[in-house]
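Report on the structure
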Amino acid sequence: MKSKLFPVLLVLLILLNGVLIFMLIKKPHQNKRPQQQKNFLIHQLQFTDNQKDTFLDFNRVHRKKMKHFDQQLRKHKDVLFNSFSAGTLNIDSISVRIGTLEGAKEVEVFRFFTAVRKLCNKGQKQKFDGIIKRALKGPKKAPPRGGENHSPRDGRMPPPPPR
């Protein structure tokens, strides 16, 4: 029995290792996300071919700028958090730089979406505005279960204890 089971387990382990190596090299779970985000606006707003080309140009430039901001932020944060032992570091100066970069990053996002909105026709602008409003609200939160974590203003508070 053991002699027949060993080759089967060996083949199974080799196959699983092959799948693992493929996933480590190709990383298919990471490659889908940026493409889906680009296609989302193109699909939802039903861009024409000309609009699509212009949008993809905007997106390429935007991503390049955002990558630069992220690299700068990472560099400043590394300096900040690697300086625990150095007492001469000016924390306020680095935190101001980080805040300035974060602000510039938000301005870049706003400019990108402003440019995309200008690209849209009247009907697409209405759809675009709705998409942005939903995105700003964030994901819907699940309601609390069984009365847990309710706010004191929702009328479900127990009465105060008697005196």
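The paragraphs below set out a description of the structure included in this document. Note that the structure is a prediction, hence the values are computed from the model and not measured.

1. Points about the packing of helix H3 (residues 49-81) against helix H4 (residues 91-119)
- The geometry of H3 relative to H4 is characterised by a closest axis approach of 10 Å and an angle of 175° between their N-to-C directions. When the axis of H3 is compared with that of H4, the two are roughly antiparallel.
- Taken together, the residues of the contact of H3 with H4 break down into 17 nonpolar, six polar and seven charged.

2. With respect to the packing of aromatic side chains
- Counted by the stated rule, this structure contains four aromatic pairs.
- Between Phe 55 and Phe 112 the ring centres are 6.1 Å apart and the planes differ by 50°, which places this aromatic pair in the tilted class. Highlighted residues: Phe 55 in helix H3 and Phe 112 in helix H4, separated in sequence by 57 residues. Phe 112 shares its class with Phe 55; the two are buried.
- Counting every residue linked through ring pairs, the aromatic cluster contains Phe 47, Phe 55, Phe 112, Phe 113 and Phe 128.

3. Concerning the packing of H4 against helix H5 (residues 122-137)
- Where H4 meets H5, the axes come as close as 9 Å, and the angle between the chain directions of the two elements is 150°. Accordingly, the angle class assigned to the pair H4 and H5 is roughly antiparallel. Listed contacts from H5 to Phe 113, Val 116, Arg 117 and Leu 119 of H4 are Gln 124, Lys 125, Phe 128, Asp 129 and Ile 132.
- Taken together, the residues of the contact of H4 with H5 break down into five nonpolar, one polar and three charged.

4. Points about the side chain of His 62
- Its place among the elements puts His 62 in helix H3.
- For His 62, a relative accessible area of 10% translates into the label buried.
- Looking at His 62, its side chain comes within polar contact range of the side chain of Glu 108, at 2.9 Å.
- Once residues lying within four places of it in the same chain are set aside, the contact partners of His 62 are Glu 108, Val 109 and Phe 112.

5. Topic: the environment of Thr 100
- Looking at where Thr 100 falls in the secondary structure, it is placed in helix H4.
- Spatially, the C-alpha atoms of Thr 100 and Leu 73 are 9.7 Å apart, while their sequence positions differ by 27 residues.
- Here the side chain of Thr 100 touches Val 96 through a polar contact of 2.8 Å, landing on its backbone oxygen.

6. Thoughts on the nonpolar core
- The biggest cluster of nonpolar side chains holds eleven residues, and these are Leu 41, Ile 42, Leu 45, Phe 47, Phe 55, Phe 112, Val 116, Leu 119, Cys 120, Phe 128 and Ile 131.
- For this core, the secondary structure elements donating two or more residues are helix H2 (28-45), H4 and H5.
- Ignoring anything within four residues of it in the chain, the contact list for Leu 119 reads Phe 47, Gln 51, Thr 54, Phe 55, Phe 58 and Gln 124.
- Of all hydrophobic cores here, the second largest spans seven residues; its members include Leu 73, Leu 80, Ile 94 and Leu 101.

7. Digging into the pattern of salt bridges
- Summed over the entire model, instances satisfying the criterion amount to five salt bridges.
- Two residues, Lys 65 and Glu 108, come together in a salt bridge whose shortest N-O distance is 3.7 Å. Note that Lys 65 is positioned in helix H3 and Glu 108 in helix H4, a separation of 43 residues in sequence.
- A relative accessible area of 40% means that Lys 65 is categorised as partly exposed.

8. Remarks on the layout of surface pockets
- Roughly 750 Å³ of internal volume is contained in the largest pocket.
- A per-element tally of the lining of the largest pocket places H4 first, with seven residues.
- Taken together, the residues that form the lining of the largest pocket break down as 13 nonpolar, four polar and five charged.

Criteria and cut-off values
- Residues numbered from 1 in each chain as written.
- Predicted model: local features only at pLDDT ≥ 70, side-chain atom pairs only at ≥ 80, totals over all residues.
- Heavy atoms only, no water.
- Axes fitted to C-alpha atoms, helices over the stretch in contact; angles between N-to-C directions.
- Helix = DSSP H or I, 4+ residues; strand = E, 2+ residues; numbered from the N terminus.
- Parallel < 35°, antiparallel > 145°, perpendicular 65-115°, else oblique.
- Nonpolar A, V, L, I, M, F, W, Y, C, P; charged D, E, K, R; others polar.
- Phe/Tyr/Trp six-rings, centres within 6.5 Å; stacked < 30°, edge-to-face > 60°.
- Buried < 20%, exposed > 50% of the residue type's maximum accessible area, 1.4 Å probe, protein only.
- Contact = heavy atoms within 4.5 Å.
- Polar contact = N/O pair within 3.5 Å; in protein donor to acceptor, adjacent residues only side chain to side chain.
- Core = buried A, V, L, I, M, F, W, Y, C linked by side-chain atoms within 4.5 Å.
- Salt bridge = Lys/Arg side-chain N within 4 Å of Asp/Glu carboxyl O.
- 1 Å grid on protein atoms, 1.4 Å probe; cavity = no way out; pocket = protein on both sides within 12 Å on 5 of 7 lines; lining within 4 Å.
- Points joined across faces, edges and corners; volume = space filled by probe spheres on them.

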